[in-house]
Amino acid sequence: MPSQDNNKTVIVVGGGWAGLSCAVELSRIGYHVTVLESARQLGGRARRVAFNEQAVDNGQHVLLGAYRQTLALFKILGLSFSDNLVRKSLDLHLLCKDGNKFNLKLPTLITPLNLFFGLLRAKGFNLYDRWRALVFGFKLFTNAIVPSNGANNDDISVAELLRKENQTTNNINALWGPICLASLNTTIDEASAGIFVRVLHDTFCRSQNDADLILSRVDLGALLPDPAMDYIEQHAGNVYLSKRVTQITIEQRHITGVLCDKERYVAKHVVLAIPPNTCMPLIKDHPALHDVAYNLSGFSYNPIVTIYLKYPKSVKPDQPVQALIGMTSQWIIDRRVVGQPGLMAVVISGPGPHMEKDNDELIKIVENELAECFPHWPSPEDALVIREKRATFNCRVGVNALRPENKTEIDGLWLAGDYTKSAYPATLESAVLSGHLTARLIHRGYLTKN
């Protein structure tokens, strides 16, 4: 790569959603960007995977209306909403192993009336359940629940918060528990109450459309990585695959570039948009970055397993997204919206006994659970298991104390990713926000110096 020794050259290490968000924003405002991705495709932990003759996703990333920065990024890339996405008002159906059914449906009303009326008319919950949920919802809207932001010693678990708020067993098992596991990928016994409250507030208490479910009509590769690469290259940037960065080069506390084996790339700014466990080896030997490296070593991770079951095209659940309670299977997502009728994605978030099962055992367990829930369905014709063992960081109590700022102590060296300092868990929106913020901070520094 020819050297670009000027203040508007940036290397983005990592082509996941954080790195691509950063690279797109920098390209938009006139920077020369080079993206170096170690894998043979872009997307990171949200990418396409081949399944026979179909393209599926390595995990089911359902977006929310509250994902404002992600939706803004799609607009920058020129993606048509109607061609690529479908929006549905929240209509949460939960089926328990004992046969009990729960439903939370938000009516088309302004916030917070949509949440209050939704909770008031929720099915499967008794009068006291709904009353306690309403009180909790009112406190969320009025910011009366203000636990620690997760960075202090007074952070508590979601389970402890729900007990303090007198939430009933039904509310915990069939409402807040599933929402916590789906959004934080961490069980309520471990999850940070501060982060959970922020998620609930921004989903249910800002705008009536924030709680909408947004499903992709295309695979994840077509949703962001492909158009982002096109955008970067159309703006004079470069995207290189199968380029693993082995070293960052620093001179007198200034970044000068990176090495890919023996190949050197030079830039005034380097953004490490890679997970903590991959970032740590690159920074741990630099004294000014010891504290960051130490904090990154404190991160733990939770898995997400997705089991694809291929049924005849006529098989169709009542809802495109449905939750299962008390089973190994947690969520069923109908891939019909992606043009794959009969293909079901079954999602299992977080750790558990399922991680000890081999693929054949796990497929059989999930197949049997779906047969019990939907006895009229035939047996599946094919199956695929995708395990993301480090799908997200463990959003545990106090984890925000470990999360680093985007700007480091080395001039020109930046961090981007869903794990950086924010009030959100490891979601696509968190990754996109981090990448966008890093780009804006780089440009702000440029404007200040010039």
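Structure first, text after, so check above.
The notes below deal with the structure included here. This is a predicted model, so every value here is computed, not measured.

1. What to know about the overall build of the protein chain
Each helix and strand in the protein chain was counted, giving 14 helices and 20 strands. In terms of overall dimensions, the protein chain is globule-like: its C-alpha atoms have a radius of gyration of 22 Å, near the 22 Å expected for 450 residues. Summarising its shape, the C-alpha atoms of the protein chain cover approximately 65 × 50 × 40 Å along the three principal directions. The proportion of buried residues among the 450 residues of the protein chain is 56%. In the protein chain, 69% of the contacts between residues at least 6 apart in sequence involve partners at least 24 apart. Counting every atom, the protein chain has about 19,400 Å² of accessible surface; 50% of that belongs to carbon and sulfur.

2. A few points about the pattern of salt bridges
Here the structure, examined in full by the defined rule, presents 18 salt bridges. Here arginine 68 and aspartate 210 are joined by a salt bridge, their closest N and O atoms 2.9 Å apart. Of this pair, arginine 68 sits in helix α2 (residues 68-76) while aspartate 210 sits in the loop between α8 (193-204) and β9 (213-216), and the two are 142 residues apart along the sequence. Given a relative accessible area of 3%, aspartate 210 falls into the buried group. With a closest N to O distance of 3.4 Å, lysine 284 and aspartate 285 form a salt bridge. Each of Glu25, Arg28 and Arg440 takes part in salt bridges that share partners, so that together they form one network.

3. A look at the environment of serine 38
Take serine 38: it is sitting in the loop between β2 (32-36) and β3 (48-51). Residues serine 38 and glycine 14 lie 24 residues apart in sequence; the distance between their C-alpha atoms is 7.1 Å. Contact partners of serine 38, with chain neighbours within four places excluded, come to Ser242, Lys243 and Arg244.

4. A word on the packing of aromatic side chains
Tallied over the full model, the rule gives 11 aromatic pairs. On the numbers, 4.3 Å between centres and 10° between planes, the contact of phenylalanine 374 with tryptophan 377 is stacked. Accessibility assignment for this pair places phenylalanine 374 and tryptophan 377 in one class, buried. Grouping aromatic residues by their ring pairs yields a cluster made of Phe299, Phe393 and Tyr419. Of note, lysine 8 hangs over the ring of tyrosine 31, and the distance from its end group to the ring centre comes to 4.9 Å. Above the plane of the ring of tryptophan 414 lies lysine 407, whose end atom (NZ or CZ) is 5.3 Å from the centre.

5. Section: the pairing of strand β15 (residues 301-310)
Taken residue by residue, a regular strand's side chains alternate between the two faces of the sheet. Counting buried positions along β15 gives 8 out of 10 residues, so the element sits mostly inside the fold. Relative to strand β19 (residues 382-393), β15 runs antiparallel, the two being bridged by 9 bridges. Across the sheet, tyrosine 308 pairs through a bridge with leucine 384, a residue of β19. Two elements, β15 and strand β18 (residues 343-349), share 7 bridges in a ladder whose sense is antiparallel. Its bridge partner lying in β18, isoleucine 307 is registered against valine 346.

6. Observations regarding the side chain of asparagine 114
Its place among the elements puts asparagine 114 in helix α4 (residues 113-120). Overall, asparagine 114 belongs to the buried group, its relative accessible area being 3%. Dropping the residues within four chain positions of it, asparagine 114 is found in contact with Leu106, Pro107, Leu109 and Gln208.

7. Here we look at the sheet that holds strand β20 (residues 413-415)
Here we have 5 strands laid out as an open sheet, ordered β10-β2-β1-β14-β20, and parallel in their pairing. The open sheet terminates on both sides in strands that have one partner only, identified here as β10 (238-240) and β20. In this sheet, adjacent strand axes meet at a mean angle of 15° when their direction is disregarded. Here strand β1 (residues 9-13) runs beside β2; their pairing, made up of 5 bridges, is parallel. By the bridge assignment, isoleucine 11 is partnered in β2 with threonine 34. In this fold helix α14 (residues 428-449) packs onto β1, β14 (269-272) and β20, with an angle of close to 155° to the strand it touches most, β20.

8. Comments concerning the sheet that holds β9
With antiparallel pairing, the 3 strands of this open sheet are ordered in space as β5-β9-β6. Every interior strand has two partners, whereas the edge strands, β5 (63-64) and β6 (85-88), have only one. Judged from the 2 bridges that link them, β5 and β9 form a sheet pairing that is antiparallel. Residue pairing in the sheet places leucine 63 in a bridge with isoleucine 214 of β9.

Rules used throughout
Residues numbered from 1 in each chain as written. Predicted model: local features only at pLDDT ≥ 70, side-chain atom pairs only at ≥ 80, totals over all residues. Heavy atoms only, no water. Helix = DSSP H or I, 4+ residues; strand = E, 2+ residues; numbered from the N terminus. Rg over C-alpha atoms; globule rule 2.2 N^0.38 Å. Buried < 20%, exposed > 50% of the residue type's maximum accessible area, 1.4 Å probe, protein only. Contact = heavy atoms within 4.5 Å. Areas by Shrake-Rupley, 256 points an atom, 1.4 Å probe, with all protein chains shown as cover. Salt bridge = Lys/Arg side-chain N within 4 Å of Asp/Glu carboxyl O. Phe/Tyr/Trp six-rings, centres within 6.5 Å; stacked < 30°, edge-to-face > 60°. Lys NZ or Arg CZ within 6 Å of the ring centre and 35° of its normal. Pairing = 2+ DSSP bridges. Axes fitted to C-alpha atoms, helices over the stretch in contact; angles between N-to-C directions.

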